[in-house]
Amino acid sequence: MATNESISIFSSASLAVEYVDSLLPENPLQEPFKNAWNYMLNNYTKFQIATWGSLIVHEALYFLFCLPGFLFQFIPYMKKYKIQKDKPETWENQWKCFKVLLFNHFCIQLPLICGTYYFTEYFNIPYDWERMPRWCLLLVKCLGCAVIEDTWHYFLHRLLHHKRIYKYIHKVHHEFQAPFGMEAEYAHPLETLILGTGFFIGIMLLCDHVIFLWAWVTIRLMETIDVHSGYDIPLNPLNLIPFYAGSRHHDFHHMNFIGNYASTFTWWDRIFGTDSQFIAYNEKMKKFGKKTE
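Residues numbered from 1 in each chain as written. Predicted model: local features only at pLDDT ≥ 70, side-chain atom pairs only at ≥ 80, totals over all residues. Heavy atoms only, no water.

If you look the chain up in an unreviewed UniProt entry, it shows as Fatty acid hydroxylase domain-containing protein from Felis catus.

What follows covers the overall build of the chain. Each helix and strand counted, the chain has ten helices and zero strands in total. Written out in order from the N terminus, the α and β elements of the chain read α-α-α-α-α-α-α-α-α-α. Within the chain, residue pairs in contact and separated by at least 24 positions form 73% of the contacts whose partners lie at least 6 positions apart. (Helix = DSSP H or I, 4+ residues; strand = E, 2+ residues; numbered from the N terminus. Contact = heavy atoms within 4.5 Å.)

Applying the stated criterion to the full structure yields 30 aromatic pairs. Relative to Trp268, the ring of Tyr154 lies with its centre 6.4 Å away and its plane at 25°, an arrangement referred to as stacked. Here Tyr154, found in helix α5 (residues 135-160), pairs with Trp268, found in helix α9 (residues 267-272); they are 114 residues apart in sequence, far enough to count as distant. Residue class for Tyr154 comes out buried when judged on its relative accessible area of 0%. (Phe/Tyr/Trp six-rings, centres within 6.5 Å; stacked < 30°, edge-to-face > 60°. Buried < 20%, exposed > 50% of the residue type's maximum accessible area, 1.4 Å probe, protein only.)

Another point: the side chain of Asp275. On the secondary structure map, Asp275 appears in the loop between α9 and α10 (276-287). Look past the residues within four positions of Asp275 in its chain and what remains in contact with it is Asn260, Asp269 and Arg270.

Moving on, we get to the pattern of salt bridges. The final tally for this structure, using the stated rule, is eleven salt bridges. Linking Arg248 and Asp232 is a salt bridge whose minimum nitrogen-to-oxygen distance equals 2.7 Å. Of this pair, Arg248 sits in helix α8 (residues 246-256) while Asp232 sits in the loop between α7 (210-227) and α8, and the two are 16 residues apart along the sequence. Judged by its relative accessible area of 18%, Asp232 is buried. What you see here is one network of salt bridges that share partners, running through Glu149, Arg220 and Glu223. (Salt bridge = Lys/Arg side-chain N within 4 Å of Asp/Glu carboxyl O.)

Moving on, we come to the UniProt feature "transmembrane region" (unreviewed entry) in the chain. Those places that UniProt annotates as "transmembrane region" (unreviewed entry) correspond, in this numbering, to residues 60-79, 100-120 and 192-217. Summarising residues 100-120: 100% helix, 0% strand, and an end-to-end C-alpha distance of 29 Å. Counting secondary structure, residues 192-217 comes out at 88% helix and 0% strand; the distance between its end C-alpha atoms is 15 Å. (UniProt positions renumbered as here; feature names shortened; annotations may be inferred.)

Another aspect to go through is the nonpolar core. The biggest cluster of nonpolar side chains holds 39 residues, and the ones touching the most others in it are Trp37, Tyr62, Ile203, Phe212, Trp214 and Trp216. Each residue touching Trp37, except ones within four places of it in the same chain, is listed here: Tyr127, Asp128, Trp129, Met132, His209, Val210, Ile211 and Trp214. (Core = buried A, V, L, I, M, F, W, Y, C linked by side-chain atoms within 4.5 Å.)

Okay, the packing of α5 against α7 next. With their axes 10 Å apart at the nearest point, α5 and α7 run at an angle of 55° to one another. One element, α5, and the other, α7, form an angle in the oblique class. In terms of crossing hand, the pair formed by α5 and α7 is right-handed. Residues Leu138, Lys141, Cys142, Cys145, Ala146, Glu149 and His153 of α5 form the contact with α7, whose participating residues are Ile211, Phe212, Ala215, Trp216, Ile219 and Arg220. Each residue belonging to the contact of α5 with α7 can be placed in one class, and the counts come to nine nonpolar, one polar and three charged. (Axes fitted to C-alpha atoms, helices over the stretch in contact; angles between N-to-C directions. Parallel < 35°, antiparallel > 145°, perpendicular 65-115°, else oblique. Left-handed = near helix turned anticlockwise from the far one by under 90°. Nonpolar A, V, L, I, M, F, W, Y, C, P; charged D, E, K, R; others polar.)

A few words on a nonpolar patch on the surface. The grouping of Leu64, Leu67, Phe70, Leu71, Phe74, Ile75, Tyr77 and Trp91 at the surface amounts to a nonpolar patch, some 800 Å² of accessible area in total. The dominant element in the nonpolar patch, judged by the number of residues it contributes, is helix α3 (residues 46-72), at four residues. (Patch = residues over 30% accessible without salt bridge, like charges linked within 9 Å, V, L, I, M, F, W, Y side chains within 5 Å. Areas by Shrake-Rupley, 256 points an atom, 1.4 Å probe, with all protein chains shown as cover.)

Moving on: helix α6 (residues 189-206). When the terminal C-alpha atoms of α6 are compared, their 26 Å separation across 18 residues agrees well with the 26 Å that a helix rising 1.5 Å per residue should span. Regarding α6, the residues found buried are Glu191, Thr192, Leu195, Gly196, Gly198, Phe199, Gly202, Ile203 and Leu206. Each element contacted by the buried residues of α6 is listed here: α4 (91-122), α5 and α7. (Expected span 1.5 Å × (residues − 1).)

Next comes the structure, spelled out in structure tokens:
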């Protein structure tokens, strides 16, 4: 019964977004994108697209999204938006983080990415332009993936904080008490596999085209780098998303080590009361006249 209701809600949301899309003017970038996509299909094999294409997308987007936060440390004006102002980034920490990232990306994530081609072949996932879903459907499915990943992340992340296993796995990610964007995927290899599973569950359930893989990678990287950025930037469009946790929510987790276990949304922490210390901290800071939200 619950499954049927979920499908009905998803279908209704898809229809609503499709209706809005029909009212919008034609996208002027659609034709150039179509030409580029067809050029890729005509010049590269499916294996190359699914494997090396996915790797390039991940690496390019990861470091592109990290770039603004990296540059902020050199701009005096941006320091007022840094959340933990008493803990500036250091070259030593950033270099250490970069080296671990390269290991994780090429020794842990690349073998997983190599399975993308076999996944698309086994489930007959299309590559062609004609069957590419509209942007509105991609957006709805990415939102569904975000909800699934956030749920997985909350419970497994909370488990990794258990006193009996914390020091063996998750402690690596908490080496930096004041996070910065590049640290988003700085983690023990086992944590990369454990928490990364939540990323793939949505793909298994919702993927209907290879472009969806890249769209979901884009959304997920944008979100995780934002919440690890260490900066609370005004007019951040991601903060317009209902229940979006944001950088202050996750920054407190790194500062306090306890609570705020969710990756993207706030509802699981609110339901289980694991944001109580965060709320108390905000109230305390308000009394001292400091902005914390």
